[in-house]
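A structural walkthrough
Okay, here's what each chain looks like letter by letter:
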Amino acid sequence: MPRVIVKRSSYHDDKLRSHIFEMMASLGGENIKAGTRVLVKPNFLSPASPDEALLTHPAVIKAVSEYLLQKRARVTISDSSALGSFEKILKDNGVRDALAGLDVGLAEFRTSVKVDIGDPFGRIDMAEEVLGADMVINLPKLKTHSQMLLTLGVKNCFGCIVGFRKAEWHMRTGVNHEMFARLLVQIHQVVNPCLTILDGIIALEGQGPGRGGIPRHLGVLMASDSALAIDATVCRMLGIEPEDLLTNRVARQMGLMPGPIDVEGVLPRIENFKMPGVTSLVYGPKPVQGFVRRHLTRRPVADESLCELCGDCWTFCPARAIEEAGTKLRFDYDKCIRCYCCIEVCPKGALRTTESLPAKLFRKVIQKRDSSGRPA
Ligand code: SF4
Ligand code: SF4
């Protein structure tokens, strides 16, 4: 039975270090030996300060590193960011300063190797550094995600695909959330983190995972030997069903979802956590799915007062659905696959999703039918 350890903590709390040491010792710390090559995988989405709650907090990364160094492990901290230089991420997030004097490597994933992650994806390019490590420690941030509802332990492993290849996979699976969830689960299976420590001390609610979200203090730290168990436990904490998170549902269909979970510590019940608006892209028979995607799913829109036409969104958009039109952005909603990467990478929080009028009417009809007890 997988174990999930829950602690109430803060970044400035002297107890953070002792909480992390306790969790790591209890969840397989004895397997870390002198010389063990440990790859630590935080969430380094893009340059941001710790207060913005977009990235794993440096205090968490530091405490994990200190535990590993105490065991005389060889520690490398790596990720592949969506946008922005790795060095700027380390500086803006304070990781470089926090780790000063510690004998750890800090390096961006650069080299890809082909790995067979199973049908239907086959051989895909993943970071060589992950596959060459003796163990991987996964350090996700608790954030909402406009495409996948939440980004937690399983989704954090997607960062093990190097650079722009992530956008390519969004493109190949983006029209189908279920297919993307399956890709995430299968990548997670290959990364196979031996330990996941979730930074939910200051989480991100609303239209995450980028600056469209709002930081919210939850004061929660969770650790488990199973990222899937962490993800299911976070859902319970936030008052939603574990299978509302598509990666959990897909993992259950694949026979990977753990059964009962042994939760140690008091799991708080977080009230009114703001989830992003997420709509399915694939309901209806195949011939109407294109219509559904174009007209009934939430579409990205820009707030012109915040947009500085920096170009990050159109550079990253895997479908090439955004262009500069004078002083504005123009979206091609026929091309747009609703992956919401643009929202994720916008440094100004200028993008959000909105429902079109047909989508609003359609949702109202569905809700009315639901509330009248008839099948939708
Ligand atoms: S919406 Fe954001 S990412 Fe896109 S051009 Fe404007 S500021 Fe840059
Ligand atoms: S416009 Fe935004 S949501 Fe649409 S495909 Fe491009 S990045 Fe994805």
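Rules used throughout
- Residues numbered from 1 in each chain as written.
- Chains lettered and ligands numbered in written order.
- Predicted model: local features only at pLDDT ≥ 70, side-chain atom pairs only at ≥ 80, totals over all residues.
- Helix = DSSP H or I, 4+ residues; strand = E, 2+ residues; numbered from the N terminus.
- Rg over C-alpha atoms; globule rule 2.2 N^0.38 Å.
- Buried ≥ 20, exposed ≤ 12 C-beta atoms within 10 Å, placed from the backbone.
- Near = placed C-beta within 6 Å.
- Nonpolar A, V, L, I, M, F, W, Y, C, P; charged D, E, K, R; others polar.
- Domains from an automatic or database assignment.
- Arc of directions from axis to C-beta.
- Contact = placed C-beta atoms within 7 Å.
- Expected span 1.5 Å × (residues − 1).
- Core = buried A, V, L, I, M, F, W, Y, C linked by C-beta atoms within 7 Å.
- Axes fitted to C-alpha atoms, helices over the stretch in contact; angles between N-to-C directions.
- Parallel < 35°, antiparallel > 145°, perpendicular 65-115°, else oblique.
- Left-handed = near helix turned anticlockwise from the far one by under 90°.

Another aspect to go through is the overall build of the protein. For the protein, the count of helices and strands is 14 helices and 16 strands. Against the 2.2 N^0.38 benchmark of 21 Å for 376 residues, the protein shows a C-alpha radius of gyration of 20 Å, consistent with a compact globule. By its C-alpha atoms, the protein is 60 × 50 × 40 Å across when sized along the principal axes. Within the protein, the proportion of its 376 residues that are buried is 48%.

A few words on the site of ligand 1. By nearness alone, 13 residues border ligand 1, and Cys307, Cys310, Asp312, Cys313 and Cys346 come closest of all. In the shell around ligand 1, the residues fall into nine nonpolar, one polar and three charged.

As a further point, take the site of ligand 2. Near ligand 2 lie 14 residues; those nearest to it are Cys317, Ala319, Cys336, Cys339 and Cys342. Taken together, the residues of the shell around ligand 2 sort by class into 13 nonpolar, no polar and one charged.

A word on the domain arrangement of the protein. As assigned here, the protein comprises domain 1 (3-264) and domain 2 (286-371). Spacing between the C-alpha centres of domain 1 and domain 2 amounts to 27 Å. Class assignment of the residues belonging to the side of domain 1 that touches domain 2 gives a composition of seven nonpolar, eight polar and two charged.

Given 3.6 residues per helical turn, the α-helix brings residues three or four places apart onto the same face. Residues of helix α7 (residues 165-173) that are buried: Ala167, Trp169, His170 and Thr173. For α7, the arc enclosing every buried residue in end-on projection is 160°, short of the 170-degree limit, so these residues lie on one face. As for α7, its buried residues are in contact with α8 (177-191), α12 (312-316) and α13 (341-345).

The next point concerns α8. Between the first and last C-alpha of α8 there are 21 Å, a value that for 15 residues agrees with the 21 Å anticipated at 1.5 Å per step. Of all the 15 residues making up α8, eleven are buried; the element is thus mostly covered by neighbouring parts of the structure. Taken together, the buried positions of α8 are occupied by His177, Phe180, Ala181, Arg182, Leu183, Leu184, Val185, Gln186, Ile187, His188 and Val191. Its buried side turned inward, α8 meets α5 (128-131), β7 (135-139), α6 (153-156), α7, α9 (227-237) and α10 (246-253). One or two positions beyond α8, positive phi appears at Asn192, with a value near 50°.

What follows deals with the nonpolar core. Considering soluble globular proteins, one finds that nonpolar side chains tend to be buried as a cluster. Counting residues in each nonpolar core, the largest one holds 108 residues, and the members touching the most others are Val64 and Cys342. Looking at this core, you find at least three residues from each of domain 1 (3-264) and domain 2 (286-371). Val64 has contacts with Ile20, Val40, Ile137, Leu139 and Ile197, leaving out every residue within four places of it along the chain.

Right, let's get into unusual backbone geometry. Residues Asp119 and Pro120 are joined by a peptide bond in cis, for which omega reads 0°. Mapped onto the elements of the fold, Pro120 is located in the loop between β5 (112-116) and β6 (123-127). Backbone torsion omega between Gly208 and Pro209 reads 10°, so that peptide bond is classified as cis. The topology assignment puts Pro209 in the loop between β10 (195-206) and β11 (213-224). The phi angle at Leu149 is positive, at roughly 80°, despite the residue not being glycine. Summarising the element assignment, Leu149 is placed in strand β9 (residues 149-151). By the C-beta count within 10 Å, which is 24 here, Leu149 ends up buried.

Closest axis-to-axis distance for the α9/α10 pair is 10 Å, and the angle between their directions is 130°. Here α9 lies oblique to α10, going by the angle between them. For the pair α9 and α10, the crossing hand works out as left-handed. For the pair α9 and α10, the contacting residues are Leu228, Asp231, Ala232 and Cys235 in the first and Thr247, Asn248 and Ala251 in the second. Tallied by class, the residues present in the contact of α9 with α10 amount to four nonpolar, two polar and one charged.

The next point concerns the environment of Glu205. Here Glu205 is to be found in strand β10. Through-space distance from the C-alpha of Glu205 to that of Arg74 is 35 Å; in sequence the pair is 131 residues apart. Once residues within four sequence positions are removed from consideration, Glu205 is found in contact with Thr144, Gly213, Ile214, Arg216, Phe273 and Lys274.

Describing two packed helices takes the angle between their axes plus the distance from one axis to the other. In the contact formed by α8 and α10, the axes pass within 9 Å of each other and the chain directions differ by 70°. Viewed along their axes, α8 and α10 adopt a mutual orientation that is roughly perpendicular. Of the residues in α10, those touching α8 at His177, Glu178, Ala181, Arg182, Leu184 and Val185 are Leu246, Thr247, Val250 and Ala251. Here the contact of α8 with α10 is composed, by residue class, of six nonpolar, two polar and two charged.

Here the focus is the environment of Leu106. Within the fold, Leu106 resides in strand β4 (residues 104-106). Overall, the presence of 20 C-beta atoms within 10 Å leaves Leu106 in the buried class. Here Leu106 is in contact with Ile77, Leu90 and Leu99, once residues within four sequence places are set aside.

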